[in-house]
Amino acid sequence: NYHCKFLFFQEDHIEDNNYVQETSLLDRLMIADAFPINDSIVIARGVFGKNICMFLKNGREQSVCLESFTKVGNDNVKRILKDANEFALSPSKEYLIRITQNGGLIEGYKIKDMQLVLQFSHNYFEVICDENLSDTKDSRYGYIDVAVSNDKIYGLYDGGLVSRQNTYRSNIIHVYNIDGDIVEKLQLDQYVKSIGVDCENKRIFAKSANDDLLLFNLQ
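Treat the numbers as computed from the prediction; the structure is a model and nothing was measured.

What counts, and at which threshold
Each chain has its residues counted from 1, running along the sequence as written. In keeping with the predicted nature of the model, local features appear solely for residues at pLDDT of at least 70, side-chain atom pairs appear and are counted solely at 80 or more, and the whole-chain, interface and lining totals rest on all residues. Where side-chain values are given, they derive from all heavy atoms of the structure, hydrogens and water being excluded. Counting from the N terminus, the helices are the DSSP runs of H or I reaching at least four residues and the strands are the DSSP runs of E reaching at least two. Note on method: radius of gyration uses C-alpha positions; expected globular size equals 2.2 Å times residues raised to 0.38. Only protein chains enter the calculation, and the probe is 1.4 Å; a residue is then buried if its accessible area is under 20% of its type maximum, exposed if over 50%, and partly exposed in between. The pairing criterion for strands is at least two bridges between them, as found by DSSP. The salt bridge definition used is simple: a Lys or Arg side-chain nitrogen within 4 Å of an Asp or Glu carboxyl oxygen. Polar contacts, as counted here, are pairs of nitrogen or oxygen atoms within 3.5 Å of one another; within protein the pair requires one atom able to donate a hydrogen and one able to accept it, and residues that are adjacent in sequence qualify only if both atoms are side-chain atoms. Axis definition: a line fit to C-alpha positions, over the contact stretch in the case of helices; interaxial angles, taken between N-to-C directions, run 0 to 180 degrees. What we call a nonpolar core is a set of buried Ala, Val, Leu, Ile, Met, Phe, Trp, Tyr and Cys residues that are connected through their side-chain atoms within 4.5 Å. For this analysis, residues touch if any pair of their heavy atoms sits within 4.5 Å. Any Phe, Tyr or Trp ring, taking Trp's six-membered ring, that has another such ring centre within 6.5 Å forms a pair; planes under 30 degrees apart are called stacked, those over 60 apart edge-to-face, and the others tilted. Both a distance and an angle decide whether a charge sits over a ring: NZ of Lys or CZ of Arg must be within 6 Å of the ring centre and within 35 degrees of the ring normal.

> Looking at this structure, I do not really get the overall build of the protein. What am I missing?
A tally of helices and strands in the protein yields one helix and 16 strands. Computed over the C-alpha atoms, the radius of gyration of the protein is 18 Å, within 12% of the 17 Å expected from 2.2 N^0.38 for a compact globule of 219 residues. Its C-alpha atoms give the protein principal-axis dimensions of about 45 × 45 × 35 Å. Expressed as a percentage of its 219 residues, the buried residues of the protein come to 47%.

> So what exactly am I meant to see when it comes to the pairing of strand E11 (residues 143–148) here?
Across a regular strand the side chains alternate sides, sitting on one face of the sheet and then on the other. Counting buried positions along E11 gives six out of six residues, so the element sits mostly inside the fold. Here E11 runs beside strand E12 (residues 152–157); their pairing, made up of five bridges, is antiparallel. The partner of Tyr-143 across the bridge, within E12, is Tyr-157. Between E11 and E12, which pair antiparallel and follow one another directly, the connecting turn spans three residues.

> Honestly, the pattern of salt bridges in this entry has me stumped. Any pointers?
For the structure on display, the rule yields eleven salt bridges. Residues Glu-67 and Lys-50 are paired through a salt bridge, measuring 3.4 Å at the closest nitrogen-oxygen approach. One end of the pair, Glu-67, is in strand E6 (residues 60–67); the other, Lys-50, is in the loop between strand E4 (41–48) and strand E5 (51–57), and 17 residues separate them in sequence. Owing to a relative accessible area of 38%, Glu-67 belongs among the partly exposed residues under this scheme. A salt bridge links Glu-107 to Arg-98, with the shortest nitrogen-to-oxygen separation between them at 3.3 Å. The exposure class assigned to Glu-107 is buried, which follows from its relative accessible area of 9%. Accessibility expressed as a relative area gives 3% for Arg-98, which makes it buried.

> Looking at this structure, how should I read the side chain of Arg-98?
Tracing the sequence through the fold places Arg-98 in strand E8 (residues 95–100). A polar contact is formed between the side chain of Arg-98 and the side chain of Asn-85, at a distance of 2.8 Å.

> Just checking my understanding: could you explain the sheet that holds strand E14 (residues 182–197) for this structure?
Pairing between the strands of a sheet is mediated by backbone hydrogen bonds and can be parallel or antiparallel. Taken in spatial order, the six strands make up an open sheet running E11-E12-E13-E14-E15-E16, and their pairing is antiparallel. Each edge of the open sheet carries a strand with a single partner, namely E11 and strand E16 (213–217). Strand-to-strand twist across the sheet, computed as the mean angle between neighbouring axes with direction ignored, equals 30°.

> I keep staring at the nonpolar core and nothing clicks. Help me out?
For soluble globular proteins, nonpolar side chains are generally found buried alongside one another. Formed by 18 residues in total, the largest nonpolar core has its most connected members in Ile-43, Cys-53, Leu-66, Ile-111 and Leu-116. Once you skip the residues sitting within four places of it in the chain, Leu-116 turns out to touch Cys-53, Phe-55, Cys-65, Leu-66, Leu-96, Tyr-109, Lys-110 and Ile-111. Counting residues in each nonpolar core, the second largest holds 17 residues, with Ile-144, Leu-156, Leu-188 and Ile-204 among its members.

> Help me understand the sheet that holds E4, please; the structure alone is not making it clear to me.
Strand order in the open sheet made by the four strands is E3-E4-E5-E6, with antiparallel pairing throughout. Single-partner strands in this sheet number two, and they are strand E3 (30–36) and E6. Strand-to-strand twist across the sheet, computed as the mean angle between neighbouring axes with direction ignored, equals 25°. Here six bridges tie E5 to E6, and the two strands are oriented antiparallel to one another. When the bridges of E6 are listed, Phe-55 appears paired with Ser-63. On top of the sheet, helix H1 (residues 76–83) reaches E3, E4 and E5; it is set at about 115° to E4, its chief contact.

> Looking at this structure, how should I read the packing of aromatic side chains?
Ring pairs (aromatic) are described by centroid distance and by the angle formed between their planes. What the rule picks out here adds up to six aromatic pairs. Pairing Tyr-124 with Tyr-143 gives two aromatic rings, centres 5.8 Å apart and planes at 75°, and the pair type is edge-to-face. On the criterion of sequence distance, the pair formed by Tyr-124 in the loop between strand E10 (115–123) and E11 and Tyr-143 in strand E11 is long-range, its members being 19 residues apart. Centroid distance Tyr-141 to Tyr-168: 5.3 Å. Interplanar angle 70°. Geometry classified as edge-to-face. Taken together, the positions of Tyr-141 in the loop between E10 and E11 and Tyr-168 in the loop between E12 and strand E13 (170–177) put the pair 27 residues apart, joining distant regions of the chain. Among the aromatic residues, those joined into a cluster by ring pairs are Tyr-124, Tyr-143 and Tyr-157. Of note, Arg-140 hangs over the ring of Phe-125, and the distance from its end group to the ring centre comes to 4.0 Å.

All we've got here are geometric facts, nothing functional implied.
Structure below.
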């Protein structure tokens, strides 16, 4: 989380480690993911004060946005970590989708001029933790993973108690259109802990609870 450097590769030079650009960021930022929009602009997910999202251009900070969904306590870093945020970028690079494991939040943003314009926001239950941001017997997971095509969003929804056996997996996927309307709910024939989708909405890729790679045909 503290390696604040991006390496940009040509697609045909990934295996030979011949990168074409190296970009170093500000020291000691806690960065979890990076999403390149083009050759110069990157969206980073991490901990940036009280925010979780940063736009960078040529490695330099342009703007930060999106606060933690968890509002308990005064420690912004702990709040953000408690969120357990995940991002997914549409293949068109026009939309950024955010989920949280804490509270079952799912949000969609349109990317415009290095800003995020909220399109929709839904959460399925209140954040459940104590004042020290520790789980309680009633704490539960919300969304545990998300995938997105150009016109649909797939959220792997748990909703179960954190303290139960065989936790952090689900066989339920909520499917939204890009406007945030839920259009269907898929039930898989086994439990998984992460998902992906192809651009044509024909196949879902998933990792099983035992880390096996699974493929589900949708059509």
